[in-house]
Structures are given as C-alpha cells and as structure tokens.
Amino acid sequence: MPITLSKSVHQVIREVGEVGQYLWQKGWAEKNAGNLSVDITDHIAITPAKLKKFPVKPIAGLLPEFAGRSYLVTGTGTRYRDIQNHSSECLCVLQISGDAKGFHLFWGGKREGFKPTSELPSHLLMQNSLRKSGAKEKVVLHTHPNELIALTHLSETAGEEKLNYALWSMIPEAKIYVPRGIGWVPYRLTASQELAKETVKALERKHKVVMWEKHGVLAVGKDAIEAFDLIDAMNKAAILYLLCKQTGQTPQGLSREQIDEIGRMFAPKD
Ligand code: 13P
Ligand code: ZN
C-alpha cells in the first residue's frame, strides 16, 4: 500500500535532486560518494496503524528521544547524479519506531537490496544535535569536494586554524558566508561512531561546515541548496589558494586585520 507524500516533501525531494546534479557537475560525487539526510518530521502525518504495516528494521544505539522522528535519506551506494530522475530508487523516507530500536521505511527505497546510507547512525546523531540546539537547519549534506580535500593533505593548510586562515584570506565572501570557519575533524574511519561523535562536537561549536580530514566535507542548511552553497563558497576559496600555489608563489592573501574587519562587519546573528 503506497504512501502519498505531501507537496512540501516533494519540493524537498526536487531540491535534493537539483543539488545532486550540482554535486555531480562539480566532480564532488564520484560513484556513490556522499550522502544526505533531511529532517521532515514536521511534514509527515502517518497514522500508527499505517506505519505498523511497514516492518521495523533494527538500528542500534538510538536514544529514546529519536522515537517518531521522520527523515528523508539517501540509500547506500546511491549515485547523487541519479537522484533527480530516480528519486524513489535513490531515496527513502523512514520514521524511527516508538521504542527507538529501529525504523519503518515507508516511502522510496525501490531499488533491489536498498538500504539507507552506511552513515545513517552519524546522520541521526547530527540531526538530533541540530534539533536539540533549536537550529533552523534540517539538512545534513556530505560530499567529496576536490580542492578542500586536497588542502587537508598539505601540512601548511591541514588543521582548523591553518585551513580557515588560508580560505578566509583568499576572498572576502569566505569569511562572510562561513564566519565561524570550517570545523576540523581529524581522520576517522568512514561511517564510524568516532567520526559521528567528532562531527557532532564540531556542530555544537556552531560550525555549519565540517571538514573530514582526507575524506570530505559535511554541511548543514535549512535546505539542500543552502548547505551546497556553503561548501561551494569554501571550495572556491580552496581553488584560488591552489591556483596561486601552482604559479610557484605563495599567495599574498588578505591580512588577519582585513579578515577581522570583515568578521566584525558580518558577525553571525545566531
Ligand atoms: P554511502 O553510499 O553508504 O552513503 O557512503 C558514501 C560515502 O561518502 C561514505 O563516506
Ligand atoms: Zn564520504
């Protein structure tokens, strides 16, 4: 018995499809790289009787406060480039069961052997952290942006302080759009609890963009476009940095005083 989603959820799905195209065109979404979740709890009204028809798939380690929350998530192995034309095969909508021991998958997931992203436990931890802090952000987006990742391999730009200074010094918008800078998470195994916990700590420090050293980037936004824009702006600064380095010279960069001045003029409101 198929479930009909509201217009607002279809709009969210359209935006996710659009962003999937951008990520692919940028070259940040090779094969199944990246994944995404959206908290759509406020847009879902499914009766307990209907929900019961979709068997619970177990998931370990969830707190009781997750019960009843609904999320749109990408499937593991999904290609971002396929989402726009095959949304019900690449995405699913799930609701955490009343005892928080699993989830009911009640829309999408139409591909053979479909499972939510391998990073689902991390996405849920991050979504919960955003919700508890009262943040307006509903989307958690993970992707593999080339130039930002490259900077995590260079000793002169690896680490939170060095990375942010290099990026902010390239173009004023980097400081304007990401005033608190990128949060740095040292290399941790993909889909591990350690990676999830370190990322949550960075979100608690109010970073909206988080760098996973030698892996990729995660950004949060009120919608998928906003999360994409933040990564795009910072990756542009990374491109400029590497372009300057390719000449064999060290970029002059904006001074710390100039960056601080921008920081004072465009201080974050939240
Ligand atoms: P999934 O295909 O399981 O979502 O993994 C992609 C990824 O980028 C892991 O870091
Ligand atoms: Zn990844």
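What counts and how
- Residues numbered from 1 in each chain as written.
- Chains lettered and ligands numbered in written order.
- Predicted model: local features only at pLDDT ≥ 70, side-chain atom pairs only at ≥ 80, totals over all residues.
- Heavy atoms only, no water.
- Donors = N, O, S within 2.8 Å, 3.2 Å for Na, K, Ca; no water.
- Buried < 20%, exposed > 50% of the residue type's maximum accessible area, 1.4 Å probe, protein only.
- Core = buried A, V, L, I, M, F, W, Y, C linked by side-chain atoms within 4.5 Å.
- Helix = DSSP H or I, 4+ residues; strand = E, 2+ residues; numbered from the N terminus.
- Contact = heavy atoms within 4.5 Å.
- Pairing = 2+ DSSP bridges.
- Axes fitted to C-alpha atoms, helices over the stretch in contact; angles between N-to-C directions.
- Polar contact = N/O pair within 3.5 Å; in protein donor to acceptor, adjacent residues only side chain to side chain.

Asker: Would you mind showing me how to read the coordination of the zinc ion (ligand 2) here?
Answerer: Under ideal tetrahedral coordination, the four donors around a metal are separated by 109.5 degrees; under ideal octahedral coordination, the six donors are separated by 90 or 180 degrees. Taken together, the protein ligands of the zinc ion (ligand 2) are His142 (NE2), His144 (NE2) and His215 (NE2), with distances of 2.1 to 2.2 Å. Going along the chain, you hit the donors of the zinc ion (ligand 2) in the pattern H-x1-H-x70-H. Of the two residues, His142 and His144, both sit in the buried class.

Asker: Explanation requested: the nonpolar core in the structure shown.
Answerer: When a protein is soluble and globular, its nonpolar side chains tend to lie buried together. One finds Val16, Leu72, Phe106, Leu141, Leu148 and Leu167 to be the most contacted residues of the largest nonpolar core, which totals 55 residues. Here this core takes 10 residues from helix α9 (residues 224-246), the largest share from any one element. Residue contacts for Leu72: discarding those within four places in its chain leaves Val12, Ile13, Val16, Leu36, Ser37, Val38, Ile40, Leu91, Cys92, Val93 and Trp107. Grouped together as the second largest cluster of nonpolar side chains are 14 residues, Val73, Cys92, Ile96 and Phe114 included.

Asker: Honestly, the sheet that holds strand β6 (residues 139-143) in this entry has me stumped. Any pointers?
Answerer: Hydrogen bonds between backbone atoms are what pair the strands of a sheet, whose relative direction is either parallel or antiparallel. Strand order in the open sheet made by the nine strands is β2-β5-β4-β3-β1-β6-β9-β8-β7, with mixed pairing throughout. On the outer flanks of this sheet lie β2 (56-58) and β7 (183-185), each paired with one strand and no other. Across the sheet, the mean angle separating the axes of adjacent strands is 25° when strand polarity is ignored. Bridge count for β6 against strand β9 (residues 216-221) is five bridges, and the pairing is antiparallel. The residue bridging Val140 from the neighbouring strand is Val220, located in β9.

Asker: Please explain the side chain of His207 as it appears in this structure.
Answerer: Note on placement: His207 falls in the loop between α8 (193-204) and β8 (209-212). Since its relative accessible area comes to 6%, His207 is described here as buried. A polar contact is formed between the side chain of His207 and the backbone oxygen of Arg180, at a distance of 3.3 Å. Not counting chain neighbours up to four residues away, the residues in contact with His207 comprise Glu160, Arg180, Gly181, Ile182, Gly183 and Ala202.

Purely geometric numbers; function is a separate question.
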